[in-house]
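Observations on chain architecture
Residues per chain are reported as follows:
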Amino acid sequence: MSIITLIKALPKAELHLHIEGSLSPILMWNLAQKHRISMPYNSVEEIEQAYQFSDLQSFLDLYYAGADVLRDEDDFYRLMKDYLDACDRDNIVHAEIMFDPQTHTNRGVGFDVFMPGFLRAIRDVQENRGMSVKLIMSFLRHLTEAAAIETLKNAEPWYDNIHAVGLDSSELDHPPEKFERVFSMAREAGFKLVAHAGEEGPPEYIWQAINLLNVDRIDHGVRCQEDAELMSLIKHRKIPLTVCPLSNLKLCVIEDMTEHNIVDLLNAGLMVTVNSDDPTYFGGFLNDNFIALHNALGLTHSQCAQLVKNSFAASFLTDEEKRTWCNAVDKLLEQTGSPV
Ligand SMILES: [Zn+2]
């Protein structure tokens, strides 16, 4: 079996995906028409052209403008449903999906609008396809900790539907230490914790996410390689890193995919996983990320299988569910006679 066929056939988990970052140009256009929102673009093609940006901040500017077309419950249903349909195409059987409440509440769209939309789409796929989904509520780090605390409180009626809390948006100048209190409150409320760190920010931010926020998982974390002591800690404590190759390329964290360090991190024994981050903005869903890694770095069958098994091991599934999926990966490799 060719590696491309294997990538497509393997059941996978995706752990680093921003639902607002899966908004397609066509959905953005259709919703703008529906709500009669004027945009600086005259066609879907013009929106597609606008998806060219040079760094994290210019991407975020477009991202927040795009999110503005999401106005009613049905828009959020459509957004979630489109991503879950893409999961079906990529054979993603479990997804842990981030959403940014503040992107919506700050423009007057409340939890009572987006949560029912998200949950209706999730219920649909759980009933029809048996796919499992967990939601991660992310705080915007360029805003204050007080705003994050207010968001945590506003989410209270929805706590049963939210599994973890995260931290995203512009990393530079917004270190994890700024959110120590709200993360402690979230831990006490029973949430798992994740945080973006070490994407554009320095290894020090990863130290802070581990030591001050007590995260269960680091989103990105690729710059841990600059600090041998940090690498060793992440390895021995088996702290997963949710790496996003096409995102790193598009946001110029690396200049060329051949420079990506994910295989080095994998070979060093770190629990790294592959994810798509904001797939419609960064040029590819999960399988595209695996294929890009294979094309640039010659990802082997066994490395591919290990990355996929890591995606289950690093998830918030139960131990039994993790074992079931890892066994399914092994069985597929056996059946296809893939070299391991
Ligand atoms: Zn992200």
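This text gives an overview of the structure that appears in the document. (Residues numbered from 1 in each chain as written. Predicted model: local features only at pLDDT ≥ 70, side-chain atom pairs only at ≥ 80, totals over all residues. Heavy atoms only, no water.)

1. Focus on the packing of helix 16 (residues 301–313) against helix 17 (residues 319–336)
This is how the line gets drawn: Here an axis means a line fitted to C-alpha atoms, over the contact stretch when the element is a helix, while the angle between two N-to-C directions is reported on a 0 to 180 degree scale. Secondary structure elements follow DSSP: runs of H or I of four or more residues count as helices, runs of E of two or more count as strands, with numbering from the N terminus. Our angle categories are set so that under 35 degrees counts as roughly parallel, over 145 as roughly antiparallel, 65 to 115 as roughly perpendicular, and the remainder as oblique. Take the far helix as the reference: if the near one is turned anticlockwise from it by less than a right angle, the crossing is left-handed, and if turned clockwise, right-handed. Contact definition: two residues touch when any of their heavy atoms are within 4.5 Å. Put simply, Ala, Val, Leu, Ile, Met, Phe, Trp, Tyr, Cys and Pro go in the nonpolar bin, Asp, Glu, Lys and Arg in the charged bin, and everything else, Gly too, in the polar bin.
One can describe the packing of helix 16 onto helix 17 by two numbers: an axis separation of 8 Å at closest approach and a directional angle of 165°. The orientation of helix 16 relative to helix 17 falls into the category roughly antiparallel. By crossing handedness, the relation of helix 16 to helix 17 is classed as right-handed. Touching Ala-305, Val-308, Lys-309, Phe-312 and Ala-313 of helix 16 are Lys-322, Trp-325, Cys-326, Val-329, Asp-330 and Leu-333, all from helix 17. Residues that form the contact of helix 16 with helix 17 fall into these classes: eight nonpolar, no polar and three charged.

2. As for the coordination of the zinc ion
Rules: Donor criterion used throughout: N, O or S atom within 2.8 Å of the metal, extended to 3.2 Å for Na, K and Ca. Water excluded; incomplete-looking sites may result. Irregular is the label for any site that misses the other tests, which are tetrahedral for four donors with all angles between 85 and 135 degrees, and square planar for four donors or octahedral for six when opposite donors exceed 155 degrees and the remaining angles lie between 65 and 115. Buried means the residue's accessible area, taken with a 1.4 Å probe over protein chains only, is under 20% of the maximum for its type, while exposed means over 50%, and partly exposed covers the values in between.
Taken together, the protein donors to the zinc ion comprise His-16 (NE2), His-18 (NE2), His-196 (NE2) and Asp-277 (OD), at separations of 2.1 to 2.2 Å. Between the four donor atoms coordinating the zinc ion, the angles at the centre fall across 80 to 172°, so the site counts as irregular. Binding-site remark: the zinc ion is held by donors from one chain whose sequence spacing is H-x1-H-x177-H-x80-D. Taken together, the residues His-16 in strand 1 (residues 12–18) and His-196 in strand 5 (residues 192–197) connect sequence positions 180 residues apart. The exposure class assigned to His-16 is buried, which follows from its relative accessible area of 0%.

3. Re the environment of Phe-191
Structurally, the position occupied by Phe-191 is in the loop between helix 9 (180–188) and strand 5. Residue contacts for Phe-191: discarding those within four places in its chain leaves Leu-152, Tyr-159, Ile-162, His-163, Ala-164, Val-165 and Ala-186.

4. Side note on the packing of aromatic side chains
Heads up, the condition is: The aromatic pairing rule takes the rings of Phe, Tyr and Trp, using the six-membered ring of Trp, and pairs them if the centres are within 6.5 Å, calling planes under 30 degrees apart stacked, those over 60 edge-to-face and the rest tilted. Each ring is checked for a lysine NZ or an arginine CZ that lies within 6 Å of its centre and within 35 degrees of its normal; such an atom marks a charge sitting over the ring.
Per the stated rule, a full pass over the model turns up 11 aromatic pairs. Where Phe-99 meets Phe-114, the ring centres are 6.0 Å apart and the plane angle is 55°; that geometry is what we call tilted. Placement of the pair is Phe-99 in strand 2 (residues 92–99) and Phe-114 in helix 7 (residues 111–129), with a sequence separation of 15 residues. Across the pair, exposure class does not vary: Phe-99 and Phe-114 are buried alike. Among the aromatic residues, those joined into a cluster by ring pairs are Phe-76, Phe-99, Phe-111, Phe-114 and Phe-118. A cation over a ring is seen here: Arg-120 above Tyr-77, with NZ or CZ 4.2 Å from the ring centre.

5. Points about the pairing of strand 6 (residues 217–220)
The condition that has to hold: Think of it this way: DSSP has to see at least two bridges between two strands before they count as a pair. By definition, the crossover connecting two strands over a helix is right-handed if that path, from the first strand to the second, turns clockwise as seen with the strands pointing away from the viewer.
Sheet topology note: the strand 5/strand 6 ladder contains four bridges and is parallel. For Ala-195, the partnering residue across the bridge sits in strand 6 and is Ile-218. Traced from strand 5 through helix 10 (residues 203–211) to strand 6, the parallel crossover comes out right-handed. Pairing of strand 6 with strand 7 (residues 241–243), which is carried by two bridges, proceeds in the parallel orientation. Considered in strand 7, the bridge of Ile-218 is made with Leu-241. Chirality of the crossover, the property in question, places the unit of strand 6, helix 11 (residues 228–236) and strand 7 among those that are right-handed.

6. Considerations on the nonpolar core
Threshold: Take the buried residues of types Ala, Val, Leu, Ile, Met, Phe, Trp, Tyr and Cys, join any two whose side-chain atoms come within 4.5 Å, and each joined set is a nonpolar core.
Leu-84, Ile-97, Phe-99, Phe-183 and Tyr-281 are the most contacted members of the largest nonpolar core, which has 116 residues in total. Ranked by residues supplied to this core, first place goes to helix 7 with eight residues. Residues in contact with Ile-97, not counting those within four places in the same chain, are Leu-17, Ile-19, Met-80, Tyr-83, Leu-84, Val-133, Lys-134, Leu-135 and Ile-136. Counting residues in hydrophobic clusters, the runner-up holds five residues, among them Met-98, Ala-164, Val-194 and Phe-316.

7. Points about the sheet that holds strand 8 (residues 272–274)
Read across the open sheet, the eight strands follow the order 1-2-3-4-5-6-7-8; overall the sheet is parallel. The sheet is open, and its two edges are formed by strand 1 and strand 8, each paired on a single side. Going across the sheet, the axis of each strand differs from the next one's by a mean of 25°, ignoring polarity. Sheet topology note: the strand 3 (residues 132–140)/strand 4 (residues 164–168) ladder contains five bridges and is parallel. Looking at the pairing, Ile-136 lines up with Ala-164 of strand 4. Most of the contacts of helix 8 (residues 145–154) go to strand 3, to which it runs at about 145°, and overall it touches strand 3 and strand 4.

8. Things to note about the environment of Pro-202
Counting through the fold element by element, Pro-202 comes out in the loop between strand 5 and helix 10. Through-space distance from the C-alpha of Pro-202 to that of Glu-226 is 8.6 Å; in sequence the pair is 24 residues apart.

9. Digging into empty space enclosed by the protein
Selection rule: Here a cavity is any set of points on a 1 Å grid over the protein atoms alone where a 1.4 Å probe fits but cannot get out, and a pocket is any open set with protein on both sides within 12 Å along at least 5 of 7 lines; a residue lines the site when it has an atom within 4 Å of a point. Grid points are joined across faces, edges and corners, and a volume is the space filled by probe spheres set on the points.
Going through the model one piece at a time under the given rule, you end up with one cavity of 30 Å³ or more. Quantified by volume, the largest cavity comes out at close to 130 Å³. Together, 17 residues line the largest cavity, and His-18, Leu-56, Leu-60, Ser-169 and Asp-278 are the ones closest to its centre. For the lining of the largest cavity, the per-class residue count stands at seven nonpolar, five polar and five charged.

By themselves, these are just geometric observations and shouldn't be taken as functional.
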